[in-house]
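As a plain string of letters, each chain reads:
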Amino acid sequence: HTVLDYQLSALEKCNVTDIAIVTGYCAEKIHAHMSKKKQPVTFIDNREYEETNNAYGLSLARSFVEHDPEGFLVINSDLIFEPNMLKLLIDSDSKDGMLIERTYDLASDMVKVEMEGKQIREMRKDLPAERVSAQALGPVKFSQAGGKAYLDFIAEERKNWLFYTISDYAKEHTFHGIENSGYLWAEIDTPEDLEEARKKIPFDFMQYRTYE
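Computed from a prediction, not measured in an experiment: that's the story for all the values here.

Participant: Hey, could you run me through the overall build of the chain in this one?
Facilitator: Assigned secondary structure in the chain consists of nine helices and ten strands. Relative to a compact globule of 212 residues, whose C-alpha radius of gyration would be 17 Å, the chain shows 17 Å and is just as compact. For the chain, the spread of C-alpha atoms along the principal axes amounts to about 45 × 40 × 35 Å. Every one of the 212 residues in the chain was classed for burial, and the buried ones make up 47%. Expressed as a percentage of contacts within the chain between residues at least 6 apart in sequence, the contacts between residues at least 24 apart total 69%. Carbon and sulfur atoms make up 49% of the accessible area of the chain, which amounts to about 11600 Å² in all.

Participant: I'm lost on unusual backbone geometry in this one. Help?
Facilitator: Negative phi values dominate among residues other than glycine, just as trans dominates among peptide bonds. P139 follows G138 through a cis peptide bond whose omega is -5°. In this structure, P139 sits in strand β8 (residues 134-142). Of note, the phi angle at C26 is positive, near 55°, even though the residue is not glycine. Within the fold, C26 resides in the loop between β1 (20-23) and α2 (27-35).

Participant: Which parts of the structure should I look at to understand the environment of L137?
Facilitator: Looking at where L137 falls in the secondary structure, it is placed in strand β8. On the accessibility criterion, L137 (5% relative accessible area) is buried. Each C-alpha atom of the pair L137 and E187 lies 8.4 Å from the other, and the pair is 50 residues apart in sequence. Excluding anything up to four places from it in sequence, L137 contacts L79, M85, M98, L99, I100, E101, M110, F163, N180 and W185.

Participant: Looking at this structure, how should I read the layout of surface pockets?
Facilitator: A probe as big as a water molecule, rolled over the atoms, marks out the empty space that is left. If you add up the space inside the second largest pocket, you get close to 330 Å³. In this structure, the second largest pocket is lined by 16 residues; those nearest its centre are M110, W185, E187, D193 and K200. Secondary structure elements with two or more residues in the lining of the second largest pocket: β10 (185-187) and α8 (191-200). The leading source of residues in the lining of the second largest pocket is α8, at four residues. Grouping the amino acids of the lining of the second largest pocket by side-chain chemistry returns five nonpolar, three polar and eight charged.

Participant: Whenever I open this one, the packing of helix α1 (residues 3-13) against α2 confuses me. Can you help?
Facilitator: Interaxial distance between α1 and α2 falls to 11 Å at its minimum, and their mutual angle equals 50°. Between α1 and α2, the angle falls in the class oblique. Where α1 crosses over α2, the handedness of that crossing is right-handed. Only I30, H33 and M34 of α2 make contact with α1, whose side of the interface consists of L4, D5 and L8. Broken down by class, the residue content of the contact of α1 with α2 amounts to four nonpolar, one polar and one charged.

Participant: Quick question: what am I supposed to make of the side chain of Q119 here?
Facilitator: Along the polypeptide, Q119 turns up in strand β7 (residues 119-124). When its relative accessible area of 10% is taken as the criterion, Q119 is described as buried. A polar side-chain atom of Q119 sits 3.0 Å from the main-chain carbonyl oxygen of H173. Among the polar contacts listed, one links the side chain of Q119 to the backbone nitrogen of F175, at a separation of 2.9 Å. Apart from the residues lying within four places of it in its own chain, the contact partners of Q119 are E114, A170, H173, T174, F175 and H176.

Cut-offs used in this document
- Residues numbered from 1 in each chain as written.
- Predicted model: local features only at pLDDT ≥ 70, side-chain atom pairs only at ≥ 80, totals over all residues.
- Heavy atoms only, no water.
- Helix = DSSP H or I, 4+ residues; strand = E, 2+ residues; numbered from the N terminus.
- Rg over C-alpha atoms; globule rule 2.2 N^0.38 Å.
- Buried < 20%, exposed > 50% of the residue type's maximum accessible area, 1.4 Å probe, protein only.
- Contact = heavy atoms within 4.5 Å.
- Areas by Shrake-Rupley, 256 points an atom, 1.4 Å probe, with all protein chains shown as cover.
- 1 Å grid on protein atoms, 1.4 Å probe; cavity = no way out; pocket = protein on both sides within 12 Å on 5 of 7 lines; lining within 4 Å.
- Points joined across faces, edges and corners; volume = space filled by probe spheres on them.
- Nonpolar A, V, L, I, M, F, W, Y, C, P; charged D, E, K, R; others polar.
- Axes fitted to C-alpha atoms, helices over the stretch in contact; angles between N-to-C directions.
- Parallel < 35°, antiparallel > 145°, perpendicular 65-115°, else oblique.
- Left-handed = near helix turned anticlockwise from the far one by under 90°.
- Polar contact = N/O pair within 3.5 Å; in protein donor to acceptor, adjacent residues only side chain to side chain.

The values are spatial; any link to function lies outside them.
Dropping the structure here:
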C-alpha cells in the first residue's frame, strides 16, 4: 500500500468521503494511481509547487472546503496513522485543533509545540527545549468559521510551512492541541523513515485495526 492508500483508508473508516488531493511533484503519478481506484476524489493541482510550500497548496483548496458547515480536515501526505487516531481528532470537543503527542525527542526532525493548557502557543522545529510541551503530529481540524479565518490569514502565503502558519494563527485565535491516545503513526520523509515505520507498525495495520 502507498501512504496515500493508508490515508484514504483511514478517512473511509471515519466516514469522510468528500476528499480533495492537492498535488505538486509527480502529480501525474498520483492521478494515474487514483484512476485505478473506485474512491472518488477531487484533484487540485499546484502547478507552482517548486516555488511554493504546503500552506499555499492548502489555500488553493479554499473553494473546495470553505462552504462545508462541518468544516474540514488537513492531512500532510507523509503521515500514516491508525483510523482511531483520526476519529479522536474528529470527535474532539475542540472546534479547531490538531493532534499532538506529549512524548517527544528533542533531536528529531518533528515540529515541537509550546502549549498553555490546551492552547497551542508556538510551533517550531527549533523551539527552545525549556518551552517544548509536545510534538506536532497532525492531522488538523478546522470548523467552518475557524477554517475561513485561517484561510484569510494565509491568503498571501506562498513559501511558508502549514504548521508554521498555524503557529502564527494560534497567537491570535483559539487553536488546540489534541493529545494522541497511544495510537500508532509514522511520518515518512526518507527511505530510512520507511524502514523504521515497517518495524514500528504491523503490516497492513489499517486493514485490521478499526475503531469500535
